[in-house]
Amino acid sequence: MALTSPVKEHPYSHLIDTLKDGKIKFFNPQKLNDPRYDKLPLSIRVLLEATVRNCDGFYTKEEDVQNLLDWQQQQSKAEVPFSPARVLLQDFTGIPAMVDLAAMRDAVAKHGVDPSLVNPKCPTDLIVDHSLQIDYSKCAIQNAPNPGGGDGPNQSQGPSRSTPSRPPSRGGSHCGGQRGTCSKAACNDPPASPGRPPASVQQIENTPLLCPFHLKPVSETETALKNQEMELIRNKERLQFFKWCSKAFKNVNVVPPDVGAVHQVNLEYLSRVVQVRDGFIYPDSVVGTDSHTTMINGLGILGWGVGGIESEAVMLGQPVSLTLPQVVGCKLVGSINPLTTSIDVVLGITKHLRQAGIAGKFVEFFGPGVSQLSAPDRTTIANMCPEYNATVSFFPVDQVTLKHFKKTNFTQEKLELLESYMKAVKLFRCFEDPSEDPQYSEVIEINLSSMVPYVSGPKRPQDRVAVCSMKEDFQSCLDEKVGFKGFHISKEKQDTRIPFLHGGQEYQLAHGSVVIAAVISCTNNCNPSVMLTAGLLAKKAVEAGLVVKPYIRTSLAPGSGMVTHYLSTSGVLPYFNQLGFEVIGYGCATCVGNTAPLPEAVVDAIKQGDLVACGVLSGNRHFEGRLCDCVRANYLASPPLVVAYAIAGTVGIDFEKEPLGVTSEGKDVYLRDIWPSREEVQQTEEDTVISSIFKDLRGRMEKGNTFWNNVDCPDSVLFPWDHKSTYIRSPCFFSKLSKEVPPPQSIESAHALLFLGDKVTTDHISPAGSIARVSAAAKYLLSKRLTPREFNSYGARRGNDAVMTRGTFASIKLQNRFIGKSGPKTLHIPSGQTLDVFEAADRYQRDGIPLIILAGKDYGSGNSRDWVAKGPYLLGVRAVIAESFEKLHKNQLVGMGIMPLEFLPSQNADSLELSGKERFTITLPESLSPRQQLTVKTSQGKSFVVTALFDTEMDVIFFQHGGLLRYVGRTLL
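Residues numbered from 1 in each chain as written. Predicted model: local features only at pLDDT ≥ 70, side-chain atom pairs only at ≥ 80, totals over all residues. Heavy atoms only, no water.

### Concerning the overall build of the protein
Piece 1. When helices and strands are tallied, the protein shows 32 helices and 36 strands.
Piece 2. For the protein, the residues scored as buried account for 61% of the 973 residues in total.
Piece 3. Intrachain contacts of the protein at a sequence separation of at least 6 include 74% that bridge at least 24 residues.
Piece 4. Surface exposure of the protein reaches about 36,800 Å², of which carbon and sulfur atoms provide 49%. (Helix = DSSP H or I, 4+ residues; strand = E, 2+ residues; numbered from the N terminus. Buried < 20%, exposed > 50% of the residue type's maximum accessible area, 1.4 Å probe, protein only. Contact = heavy atoms within 4.5 Å. Areas by Shrake-Rupley, 256 points an atom, 1.4 Å probe, with all protein chains shown as cover.)

Below, the structure is given as C-alpha cells:
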C-alpha cells in the first residue's frame with residue numbers, strides 16, 4: 001500500500017540462498033562475508049536480516065544495513081527502520097486501527113476505487129481479551145457478598161455461614177444446598193480408588209455455586225459462562241465490528257473472546273519462530289499493543305510493545321524507527337535451588353537489571369545457566385522486562401526451544417526446517433559453547449544459585465522482599481513515613497483488630513490481613529511449573545484440612561483454556577476450587593482493576609480501623625489502590641505463595657516459624673510440609689503439559705465459541721455504520737480526501753488552544769480511564785440518552801471519535817497557564833470565557849480559526865497512546881510549539897499531519913515574552929525539507945524562529961499528505 005518506485009532488482013538479491021532443494025529461499029546475511037556479522041548479538045542479527053530483506057530504497061535504505069553491521073560503533077547513534085513480521089493487537093487498542101481502515105474503505109470507494117484493496121500490508125492478529133470483567137465470582141456480582149475461600153460446616157473458623165433469605169427466583173434455576181464441604185472431610189475419606197478422586201473431592205465437584213442474583217445454585221462452569229455472557233452483552237457492538245473485520249479484511253486474524261489473554265495466545269498459538277511467505281523464510285518478529293508482548297522473546301522471537309498509532313503505521317506498511325540499541329549480555333551461571341520457582345528467578349533477575357540501569361536497552365541472555373531454564377521459564381522472565389525498563393529480554397533459539405515446540409503443534413518437518421534455517425543464518429545457540437558468545441555493549445553475570453523466594457511490594461514491583469523476611473518488612477512498612485513503602489501507622493494503632501460479621505460468622509481484620517488473593521492471567525500463567533506448584537500445594541493443603549477464610553476475594557483467571565486443561569488433567573483443579581480459587585473466565589481481570597468489590601462488611605472494617613489491608617496476586621502490576629481503593633498494600637507473588645498467603649490470611653507471618661494452620665488432630669501444618677518438591681512438579685508437568693493440550697487450544701481457536709459464533713455481523717465490503725452507535729463511529733480523518741497532494745498550507749492568525757508548561761505527558765493528552773460525569777464526553781453520552789452507569793470507559797469507546805475527541809486534554813491534572821490551576825479547562829480568547837477544552841476548540845473550528853499549542857520541555861513524554869495525536873488533530877490543532885518533544889510523540893504528531901515545532905536553543909515562550917493570547921502566523925514554503933527553520937509572526941508584531949522537526953524526507957512526505965492515513969488513502973487513489 002505504500003508508494004514505491006518502479007520495480008527493480010532487490011539491492012541484496014545476491015544474498016538469496018535456498019533450503020529444501022531450492023524450494024524455499026532466504027536472505028543469508030552470512031553471504032555479506034563481513035566478519036562483523038559473527039560478533040553481533042543475535043537480536044541485532046534479527047534486525048539486520050529484516051533490514052536486508054525489506055530494503056526498498058524508500059523506507060529502508062542500504063545505509064541502514066551498513067549501520068546495523070557497524071552496530072559496535074553506531075549503537076545509541078544511528079536510526080534504523082525495522083519491519084516486523086506481524087502486528088499483535090488487543091481489542092482496546094485494535095479497534096481504533098480497524099475503524100480507521102473501515103473509514104479508509106469508505107473514502108476510496110467515493111472516488112470509484114475498489115474498497116477491497118484497503119487491507120493491512122503487515123499480517124495482523126487481533127485478540128479480543130480486554131473486555132472481561134468479574135461480574136460472577138463464586139456467589140458474587142458487583143456489590144453482592146463474595147464469600148471467598150472454601151468454607152463448610154466443620155471448618156476451624158467456626159460454624160458454616162447461613163444462606164441469606166432472598167425472594168424466589170424468576171428464572172428457571174432450582175434451589176440447592178450450600179457450596180463448600182467440611183474442611184476435614186478429606187482426612188476422613190476412605191482411600192480413593194485408582195483414577196478416582198477422594199469422596200470429598202467428588203463432593204466439591206458436584207456442589208453448586210450460588211447465582212449472584214438469586215443465591216440459587218450455579219455450576220462452576222456456568223460461573224465462567226455467565227461472565228462471558230455479560231462480556232458479550234456489554235460489548236455487543238464492538239464484537240460485531242470485530243467479526244466484520246475478520247471477514248472483510250485480508251491479512252487480519254481475529255481471535256474471539258474467551259480463548260485467552262493476548263500475550264498467552266501469542267505464545268501458544270501465533271508464535272512461529274520463522275515465517276514462510278511468498279516462497280521466503282525469515283525470522284518471526286512482532287510489535288504489539290500489549291505491554292506483555294515482550295514475553296515472546298523467551299521463544300527466540302524478537303518483539304516489543306508499541307502504541308496504537310505505531311502499530312497502525314506498521315499495519316499500513318511503515319517500519320518502526322528505532323535508535324540502534326545497546327545490547328546488555330546477561331550471563332547466567334550456577335544451578336537453581338529446588339525450592340526456587342521461576343518467579344523467584346524472574347524477580348532476582350529483575351532486581352539485578354533494574355540496578356544495572358538498562359533503560360531502553362536490549363537484554364540478551366547467554367551462559368551455561370540458560371539451558372536450565374525451560375521455555376516457559378524464559379517467557380516469564382522475558383515478560384518482566386518492562387519492569388526494569390528494557391526494550392526486550394531476548395533468549396536466542398536453542399535445543400530447549402526446539403524441545404518446547406516439539407510438544408506443541410510443530411510437525412517434525414517444520415522443526416527440521418526451523419533448525420536448518422536458524423543455523424544457516426547463525427541465529428541458533430549452544431549456550432554451553434562460549435566460542436559462540438557474541439560481543440555485547442556490557443555483560444552482567446547472575447548466579448542462579450543465589451535466588452531465594454521473594455515477593456514484591458507493597459506498592460512497587462521493584463521493591464522485593466525475601467519471604468523469610470516478610471513479617472519484619474511489613475512491620476517496618478507500618479512504621480515508615482508514607483512513601484514508596486511506608487504507611488506511617490502509629491505504634492498504638494498497629495495492633496488494632498476490627499471484628500465483623502460475614503455470612504453469619506464473626507471474623508477479625510488487622511493490619512496485614514489478606515482480603516484479595518488472585519491468580520490471574522498475567523506473568524505466571526504462561527509457566528506451567530508455577531501453576532502446577534500452586535495446584536499441588538492446594539491439593540496438599542486440602543488433604544491436610546487447611547482452608548481459606550470465606551471473606552477473602554479469591555479468583556483464578558488463567559491466561560487461556562490450556563492452563564485450565566492441564567490443571568484439570570493433573571487433578572489439582574478441584575483442590576483449587578475447594579480453597580476458593582475457581583476459574584472465573586479468561587482475560588485481563590483483577591490485573592486491570594476489574595475485580596468485583598469486596599464485601600461491604602470487610603470494607604467497613606478496613607475503614608473503621610484505618611487498616612492496611614493486603615492483596616496478593618501473581619501478576620506484574622500492583623501499584624497502590626490498583627486492585628481496590630481500600631486495599632493499600634499489594635504484593636506480587638508466585639501462584640503457590642498466593643495460595644499460601646490466602647490460607648494464612650495475613651502477610652504478617654514467618655513461614656519458617658509459624659504454621660499455616662492446624663489439622664483436625666491439632667497438628668501444626670507448616671508451609672514446608674505442603675510445598676511440593678521440584679521433582680514432583682516437573683514430573684507432573686511432563687505428564688500433563690503435552691501436545692494434546694496445544695491441539696485442544698488450536699481446535700478451540702479455529703472453532704471459536706458459541707457466543708462468538710452467534711454474533712451477527714454484516715456481510716459487506718463496506719461497514720454499515722450505525723449512526724446511533726456510541727461505540728463505533730466513522731472518523732473524519734479522510735474528509736475532503738483528494739487524489740492530488742495539496743500544496744503546503746500556511747497557518748494564518750491561529751489562536752493558542754492551550755498554554756502548557758514542562759513535562760506534559762500522554763496521560764494529560766490522551767483520554768483514559770473512566771468518563772467523568774461532568775466532562776464533555778459525558779455531556780455527549782447523556783445527549784445520546786445514556787445514563788452514567790452506561791458510560792463505560794474511554795478504553796471501551798476508543799472506536800468513537802466523538803467521545804475520544806471530547807476526552808482529549810480532559811485530564812484533571814492538566815496544568816494550563818491560561819487557567820492557573822489544574823483541570824480540563826482553557827480560555828476561549830475571543831470571548832474571554834473559560835470552557836472545557838473541547839467546547840473551546842469546537843467554537844474555534846466553527847469560526848474557522850486554526851489552533852496551535854504552546855508548551856515547554858518534554859512535551860508528549862510517557863507511554864504511547866493511540867489518541868494522543870488523533871485527538872489534537874480532530875480538535876483542530878495544526879502545530880505544537882514546544883521547547884522539546886518526546887521523540888515518539890513527535891513522530892505521532894507528524895503521522896497525523898500536525899507540525900512539531902521546536903523553539904531555538906535557550907528560547908521559550910517566557911524568554912520571548914509570549915502571553916499565549918496573541919494570534920500566530922506560520923508561513924510554509926512551497927518545498928519543505930527536514931529540520932527546516934520557519935518564522936512565526938504574532939499579532940503583537942513579534943517574530944521568532946522555530947525548527948520544524950521533520951527528521952527525514954519520509955516525515956516531510958507524510959506531513960504534506962496530511963498524515964500517514966491520508967498518505968495511504970491517497971496512494972490507493
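### Examining the side chain of aspartate 34
Piece 1. Of note, aspartate 34 is situated in the loop between β2 (24-27) and α1 (42-53).
Piece 2. The exposure class of aspartate 34 is buried, given its relative accessible area of 18%.
Piece 3. At a separation of 2.7 Å, a polar atom in the side chain of aspartate 34 contacts the side chain of arginine 36. (Polar contact = N/O pair within 3.5 Å; in protein donor to acceptor, adjacent residues only side chain to side chain.)

### Concerning the sheet that holds strand β12 (residues 302-305)
Piece 1. Taking strand neighbours across the sheet as the criterion, the five strands line up as β8-β5-β4-β11-β12 in an open arrangement whose pairing is parallel. Whereas interior strands pair on both sides, the edge strands pair on one side only; in this sheet they are β8 (252-255) and β12. Neighbour-to-neighbour, the strand axes of the sheet open up by a mean angle of 15 degrees, direction not taken into account.
Piece 2. Where strand β4 (residues 86-90) and strand β11 (residues 285-288) come together, three bridges link them in parallel fashion. What sits directly across from valine 87, in β11, is valine 287. (Pairing = 2+ DSSP bridges. Axes fitted to C-alpha atoms, helices over the stretch in contact; angles between N-to-C directions.)

### Focus: the packing of helix α11 (residues 342-356) against helix α12 (residues 375-383)
Piece 1. Relative to each other, α11 and α12 sit at 35 degrees, their axes nearing to 9 Å. Crossing handedness for the pair α11 and α12: right-handed. For the pair α11 and α12, contact is made by Ser342, Ile343, Val345, Val346 and Ile349 and by Asp377, Thr380 and Ile381, respectively.
Piece 2. Grouping the constituent residues of the contact of α11 with α12 by class yields five nonpolar, two polar and one charged. (Left-handed = near helix turned anticlockwise from the far one by under 90°. Nonpolar A, V, L, I, M, F, W, Y, C, P; charged D, E, K, R; others polar.)

### Describing the state of the cysteines
Piece 1. With the rule as written, the count across this model stands at zero disulfides.
Piece 2. Summary of cysteine pairing: cysteine 614 is not part of a disulfide, and the nearest cysteine sulfur, belonging to cysteine 477, is at 9.2 Å.
Piece 3. Here cysteine 614 falls in the buried class, since its relative accessible area comes to 0%. (Disulfide = S-S within 2.5 Å.)

### Quick word on helix α28 (residues 837-846)
Piece 1. Among all positions of α28, only Val837, Phe838, Ala840, Ala841 and Tyr844 are buried. Taken around the axis of α28, the buried residues stretch over an arc of 160 degrees, which confines them to a single face.
Piece 2. Within two residues after α28, glycine 848 carries a phi angle of roughly 70 degrees, on the positive side. (Arc of directions from axis to C-beta.)

### Brief notes about unusual backbone geometry
Piece 1. Residues glycine 457 and proline 458 are joined by a peptide bond in cis, for which omega reads 10 degrees.
Piece 2. Phi is positive for asparagine 251, close to 70 degrees, though the residue is something other than glycine.
Piece 3. With respect to the element layout, asparagine 251 can be found in the loop between α8 (236-248) and β8.
Piece 4. Phi at serine 906 is positive, roughly 70 degrees, even though this residue is not glycine.
Piece 5. Structurally, the position occupied by serine 906 is in the loop between β33 (899-903) and β34 (920-922).
Piece 6. Residue class for serine 906 comes out exposed when judged on its relative accessible area of 75%.

### Observations regarding the packing of helix α4 (residues 91-110) against helix α32 (residues 964-972)
Each pair of packed helices can be described by the angle between their axes along with the distance between the axes.
Piece 1. With their axes 10 Å apart at the nearest point, α4 and α32 run at an angle of 40 degrees to one another. By the angle between their axes, α4 is oblique relative to α32. By crossing handedness, the relation of α4 to α32 is classed as right-handed. Residues Asp100, Met104 and Val108 of α4 form the contact with α32, whose participating residues are Leu965, Val968, Gly969 and Leu972.
Piece 2. Partitioning the contact of α4 with α32 into residue classes produces five nonpolar, one polar and one charged. (Parallel < 35°, antiparallel > 145°, perpendicular 65-115°, else oblique.)

### Side note on the pairing of strand β1 (residues 16-19)
Piece 1. Strand direction decides the pairing type here: β1 and β2, joined by four bridges, are antiparallel. Following the sheet pairing, aspartate 17 is matched in β2 by phenylalanine 26.
Piece 2. The turn joining β1 and β2, which pair antiparallel and follow one another in sequence, is formed by four residues; a positive phi near 55 degrees is taken by lysine 20.

### Observations regarding the pairing of strand β30 (residues 833-836)
Piece 1. Two elements, strand β29 (residues 825-828) and β30, share four bridges in a ladder whose sense is antiparallel. What sits directly across from histidine 828, in β30, is glutamine 833.
Piece 2. Between β29 and β30, which pair antiparallel and follow one another directly, the connecting turn spans four residues, one of which, glycine 832, has a positive phi of 80 degrees.

### So, the pattern of salt bridges
Piece 1. Using the criterion set out here, one finds 32 salt bridges in the structure.
Piece 2. A salt bridge links glutamate 49 to arginine 53; the shortest N-O distance between them is 2.9 Å. Residue glutamate 49 and its partner arginine 53 are located together in helix α1, separated by four residues, close to a single helical turn. One exposure class covers both glutamate 49 and arginine 53, and it is buried.
Piece 3. Each of Lys779, Lys825, Asp836 and Glu839 takes part in salt bridges that share partners, so that together they form one network. (Salt bridge = Lys/Arg side-chain N within 4 Å of Asp/Glu carboxyl O.)

### Looking at the sheet that holds strand β17 (residues 442-447)
Piece 1. The strand order across the open sheet formed by four strands is β16-β15-β14-β17, and the pairing between neighbours is parallel. For this open sheet the edge positions go to β16 (392-394) and β17, each flanked by a neighbour on one side alone. Ignoring strand direction, the axes of neighbouring strands in this sheet form an average angle of 25 degrees.
Piece 2. Taken together, the three bridges between strand β15 (residues 362-366) and β16 define a ladder with parallel strand orientation. In the strand pairing of β16, valine 363 is matched with serine 393.

### Examining the environment of valine 542
Piece 1. Position of valine 542 relative to the elements: it lies in helix α16 (residues 528-543).
Piece 2. Take valine 542: its relative accessible area is 3%, and that puts it in the buried class.
Piece 3. For the pair valine 542 and glutamine 578, spaced 36 residues apart in sequence, the C-alpha separation works out to 7.3 Å.

### Remarks on the nonpolar core
Piece 1. Formed by 219 residues in total, the largest nonpolar core has its most connected members in Phe241, Trp304, Leu753, Phe809, Tyr859, Met899 and Ile922.
Piece 2. In contact with methionine 899, not counting residues within four places along its chain, are Ile747, Arg878, Ala879, Val880, Ile922, Leu924, Leu934, Phe950 and Phe959.
Piece 3. Counting residues in each nonpolar core, the second largest holds 77 residues, with Val563, Leu579, Tyr635 and Tyr645 among its members. (Core = buried A, V, L, I, M, F, W, Y, C linked by side-chain atoms within 4.5 Å.)

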